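Geometric and topological summary
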Amino acid sequence: MKNFWNERYASEQYAYGVEPNVFFKEWIDKQEPGTILFPGEGEGRNAVYAARKGWNVYAFDYSESGKDKALSLAEKHGVSLNFEVADASEYESSVKFDAIVLIYAHFPPPVREAFHRKAVNWLKSGGNLVLEAYNKQQIKNGTGGPKAPEMLLDNATIEHEFKGLKFLSLENETLHMEEGLY
């Protein structure tokens with residue numbers, strides 16, 4: 001998996017563009033800055049946007065080339081990121097976060113379940129989890145996202161794996177996205 005992402009992010013062009021994800025941008029533009037974590041952050045477009053808005057940003061990804069591009073993008077915008085190369089199954093934090101943002105961060109079920117439990121514990125009281133992911137119905141569309149159904153989410157899985165959180169919104173939508181090459 002690490003090789004796949006290193007290859008995807010090796011190009012000079014940003015695989016998913018440099019603008020933040022629309023869903024994430026709509027959320028963060030209404031928030032007061034705090035401390036935020038971006039698991040599976042890739043090339044850093046969302047993390048850099050948060051840093052530009054005044055947030056203290058932590059991020060990690062499998063990919064060394066993703067980290068390099070994220071730090072380059074941050075430098076271009078005059079902001080800094082705490083960005084590590086790490087696997088979700090190994091990532092640990094002593095930091096408590098005001099928000100954790102999972103934008104299309106799909107992990108194999110055992111890794112995902114364990115990571116989601118840890119993420120709930122990393123949130124400060126009143127903190128926010130912002131998640132946008134491919135639904136299990138995505139397979140039939142033949143576009144984007146993991147091709148293994150077990151890596152996709154549905155409401156029941158989300159409610160189970162994020163037990164203890166109060167859901168402000170849990171929706172299923174069909175979207176047309178144009179974010180970079182993929």
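The structure contained in this document is the topic of the report that follows. Being a predicted model, the structure only gives us computed values, none of them experimental.

**A short note on the packing of aromatic side chains**
Per the counting criterion, the structure on display carries ten aromatic pairs. Plain terms: the ring middles of F60 and Y91 are 4.1 Å apart, the flat faces sit at 15 degrees to each other, and that makes the pair stacked. Of this pair, F60 sits in strand β2 (residues 56-61) while Y91 sits in the loop between β3 (82-85) and β4 (97-103), placing them 31 residues apart in sequence. Given a relative accessible area of 1%, F60 falls into the buried group. Y91 sits in the buried class, given a relative accessible area of 3%. When the ring of Y104 is compared with that of Y134, the centres are 4.7 Å apart and the planes differ by 45 degrees; the resulting orientation is tilted. Taken together, the residues Y104 in the loop between β4 and α5 (109-122) and Y134 in the loop between β5 (123-132) and α6 (155-161) connect sequence positions 30 residues apart. Three or more aromatic residues link up through ring pairs in this structure, and these residues are F60, Y91, F107, F115 and W122. Against the face of Y14 rests K69, its NZ or CZ located 4.7 Å from the ring centre.

**Some details on the sheet that holds β2**
Strands in a sheet are paired, the pairing made by backbone hydrogen bonds, and the direction either parallel or antiparallel. Taken together, the five strands give an open sheet; going across it, the order is β3-β2-β1-β4-β5, and neighbouring strands pair in parallel fashion. Two strands bound the open sheet, and with one partner strand each, they are β3 and β5. On average, each strand axis in the sheet is tilted by 15 degrees relative to the strand beside it, whichever way the strands run.

**Things to note about the nonpolar core**
Ranked by internal contacts, the top residues of the largest apolar core, which has 24 residues, are F24, I36, F38, V57 and L81. Of all the secondary-structure elements, those providing two or more residues to this core are α2 (22-28), β1 (35-39), α3 (45-52), β2, α4 (64-76) and β4. Counting residues per element, this core draws most heavily on α3, at five residues. In this structure, L37, A105, A119 and V120 belong to the second largest nonpolar core, which totals 19 residues.

**A word on the environment of P39**
With respect to the helices, strands and loops of the structure, P39 is situated in strand β1. When its relative accessible area of 1% is taken as the criterion, P39 is described as buried. Sequence separation between P39 and A59 is 20 residues; the distance between their C-alpha atoms is 5.7 Å.

Reading the values: the criteria
- Residues numbered from 1 in each chain as written.
- Predicted model: local features only at pLDDT ≥ 70, side-chain atom pairs only at ≥ 80, totals over all residues.
- Heavy atoms only, no water.
- Phe/Tyr/Trp six-rings, centres within 6.5 Å; stacked < 30°, edge-to-face > 60°.
- Helix = DSSP H or I, 4+ residues; strand = E, 2+ residues; numbered from the N terminus.
- Buried < 20%, exposed > 50% of the residue type's maximum accessible area, 1.4 Å probe, protein only.
- Lys NZ or Arg CZ within 6 Å of the ring centre and 35° of its normal.
- Pairing = 2+ DSSP bridges.
- Axes fitted to C-alpha atoms, helices over the stretch in contact; angles between N-to-C directions.
- Core = buried A, V, L, I, M, F, W, Y, C linked by side-chain atoms within 4.5 Å.

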